[in-house]
Amino acid sequence: MHFVFISSLVPVAAPASGYDIANRVIADAIRMLGHQVSVVGFLQPGQQPAPEGRTRLLGELEVTNARVGKWQKAMWLRDAFVHGEPVSVAKMHAVPAGDVRAALSGLEPFDGLILNSVQLPGAFHDIFSAYPHAFVAHNAEAKTAAANAAGSGTPVARMLYRRDARLLGRLEAKLCAAARHVFTLSDADRADLQLGESRHVTTLPLVTSVAPPEAPAIEPAGDTAVHDVGLIGSWGWTANRAGLDWFLQQVVPLLPKDFTIAVAGGLGAIPPDVPGNVRFLGRVPDARAFVRSCRVVPLVSRTGTGVQLKSIETFELGLPAVATENALRGIAVIPENCMHADNPAGFADALLAQVERARTGDDLRLDGRTFHARQLDGLKAGLQRGLAEVVDHG
């Protein structure tokens with residue numbers, strides 16, 4: 001079968017963000033099932049399209065608010081009100097509808113579409129709805145926007161987020177109702193989208209790459225870690241920063257002063273006041289080398305929807321972790337070396353227990369290939385089941 005993957009941002013050769021990683025993995029997994037996958041969407045500046053399959057680019061488009069100036073943000077806001085759409089959807093009108101139709105016609109014949117997230121599918125749903133299709137809900141977007149509204153510091157931002165939440169709720173309901181099959185990335189999102197137990201909905205387990213991770217490296221005898229715990233992420237995102245702030249403000253004060261804590265990744269704001277045992281490293285050249293240099297990885301997500309790909313990557317690497325409940329969404333089988341805690345005292349106690357074992361020489365790592373294989377098998381099975389409904393004309 002030939003499917004066309006419709007996405008605001010096309011799968012790229014070197015995915016880094018969670019959205020890019022999920023896009024690439026879903027497209028690659030469909031190809032592993034023996035299907036042909038072509039792509040329509042925008043390319044983020046500085047990226048290269050993934051080499052597999054045919055790609056019809058609608059142009060280059062920077063969609064990240066932090067990377068554009070005030071003028072572009074104002075134009076996006078104007079377009080959102082002109083079209084009566086959420087801001088993220090209005091960004092897609094950088095091209096006219098005719099360009100979208102031309103891109104699709106250039107890929108014919110095909111058997112169906114895979115509408116990936118709300119942005120591009122929502123902007124041009126009148127075009128895409130004419131074809132049999134599935135919808136991939138990466139997040140419960142309306143819920144996320146409502147949470148952003150609740151945490152906004154100004155009345156204007158709160159009003160805009162509430163507007164987005166209202167419009168996203170309507171759009172998500174429309175996209176889910178029109179699709180022959182809906183894929184979510186967590187059972188929690190399935191509930192938030194009010195999809196119930198419909199057989200036309202599948203929750204997809206994710207991996208960070210369809211290629212299996214490397215076998216665990218043979219480490220020198222003894223404890224060679226650089227940091228007791230290490231966190232890495234894009235902390236400029238509201239949901240990510242909420243988890244980091246919770247950890248720094250409520251968990252760190254409960255830890256001993258000799259407990260070394262490293263935070264890697266862009267903060268997007270002035271670093272908070274923290275004790276001297278916390279170091280901010282900024283962007284690191286090798287994310288996997290960094291987390292491997294830590295005895296334990298705290299997974300601190302507190303808000304947000306979808307799935308936490310940092311959690312999945314930690315488990316694929318076989319690293320010991322302590323995780324909040326929200327950090328584990330979308331993961332059915334939790335590795336044995338991950339402890340779960342949701343309150344600050346319990347989280348601190350779990351970190352102390354894990355780090356103490358590592359300091360005394362216990363090797364807490366697992367072979368992450370087992371976790372990866374289980375997730376990938378589930379992903380392919382879920383896609384196979386849902387795509388069969390897209391092409392079933394009965």
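All values derive from a computational prediction rather than experimental measurement.

### What about the pattern of salt bridges?
It is possible for side chains bearing opposite charge to pair when their charged atoms get close.
Step number 1: Applying the stated criterion across every chain yields a total of 17 salt bridges.
Step number 2: A salt bridge links Arg-31 to Asp-28; the shortest N-O distance between them is 3.4 Å. One end of the pair is Arg-31 and the other is Asp-28, both in helix 1 (residues 18-32) and three residues apart, which spans about a single turn. For the pair formed by Arg-31 and Asp-28, the shared burial category is buried.
Step number 3: Between Asp-362 and Arg-357 there is a salt bridge, with the nearest N and O atoms lying 3.2 Å from each other.
Step number 4: Note on Asp-362: relative accessible area 37%, which makes it partly exposed.
Step number 5: One salt-bridge network, in which partners are shared between bridges, spans Arg-24, Asp-28, Arg-31 and Glu-52.

### Digging into the nonpolar core
Step number 1: Membership of the largest hydrophobic core comes to 50 residues, with the highest contact counts inside it found for Ile-30, Leu-206, Phe-315, Leu-379 and Leu-383.
Step number 2: In this view, Leu-206 contacts Ala-22, Val-25, Ile-26, Leu-185, Val-307, Leu-309, Ile-312, Gln-375 and Leu-379; residues no more than four positions away in its chain are not counted.
Step number 3: Membership of the second largest hydrophobic core comes to 39 residues, among which are Val-40, Val-95, Phe-128 and Val-201.

### As for the packing of helix 7 (residues 141-150) against helix 8 (residues 155-178)
Step number 1: Between helix 7 and helix 8, whose axes approach to 8 Å, the crossing angle comes to 170 degrees. Relative to helix 8, the element helix 7 lies roughly antiparallel. The chirality of how helix 7 crosses helix 8 is left-handed. Taking contact as the criterion, the partners of Glu-141, Ala-142, Ala-145, Ala-146, Asn-148 and Ala-149 in helix 7 are, on helix 8, Arg-158, Tyr-161, Arg-162, Asp-164, Ala-165, Leu-168, Gly-169 and Glu-172.

### Overview of the sheet that holds strand 10 (residues 278-282)
Step number 1: A sheet is described by the order of its strands in space; here six strands give the open sequence 10-9-8-11-12-13, paired in parallel fashion. In the strand order of this sheet, the two ends are held by strand 10 and strand 13 (338-340), each with one partner. Looking at each pair of strands side by side, their axes are set apart by 25 degrees on average, direction ignored.
Step number 2: Across two bridges, the pairing between strand 8 (residues 227-232) and strand 11 (residues 294-299) is parallel. Across the sheet, Val-229 pairs through a bridge with Val-296, a residue of strand 11.
Step number 3: Contacts from helix 12 (residues 309-316) reach strand 8, strand 11, strand 12 (321-323) and strand 13 within the one sheet, and its direction differs from that of strand 11 by about 150 degrees.
Step number 4: With respect to the sheet, helix 13 (residues 344-359) is in contact with strand 8, strand 11, strand 12 and strand 13, its orientation differing from that of strand 11 by roughly 160 degrees.

Definitions and cut-offs
Position numbers for residues count from 1 along each chain, tracking the sequence in the order it is written. Where local features are concerned, this predicted model is filtered to residues with pLDDT of at least 70; where side-chain atom pairs are given and counted, the filter is 80 or more; whole-chain, interface and lining totals use all residues. No hydrogens and no water enter the side-chain calculation; it runs on all heavy atoms of the structure. A carboxyl oxygen of Asp or Glu within 4 Å of a side-chain nitrogen of Lys or Arg is what we treat as a salt bridge. Starting at the N terminus, helices and strands are each numbered in turn, a helix being any DSSP run of H or I of at least four residues and a strand any DSSP run of E of at least two. Partly exposed describes any residue whose relative accessible area lies between the buried limit of under 20% and the exposed limit of over 50%, with all areas from a 1.4 Å probe on protein chains only and scaled to the type maximum. Think of a nonpolar core as a cluster: buried Ala, Val, Leu, Ile, Met, Phe, Trp, Tyr and Cys residues, connected wherever their side-chain atoms sit within 4.5 Å. Here, two residues are considered to be in contact whenever any of their heavy atoms come within 4.5 Å of each other. Note on geometry: axes are C-alpha line fits, over the in-contact stretch for helices, and angles between N-to-C directions span 0 to 180 degrees. Angle categories: roughly parallel below 35 degrees, roughly antiparallel above 145, roughly perpendicular from 65 to 115, and oblique for all the rest. If you view the pair so one helix is near and one far, a crossing is left-handed when the near helix is turned anticlockwise from the far one by less than a right angle, and right-handed when it is turned clockwise. By the convention used here, strands pair only if DSSP detects at least 2 bridges between them.

That is the geometry; function is a separate question.
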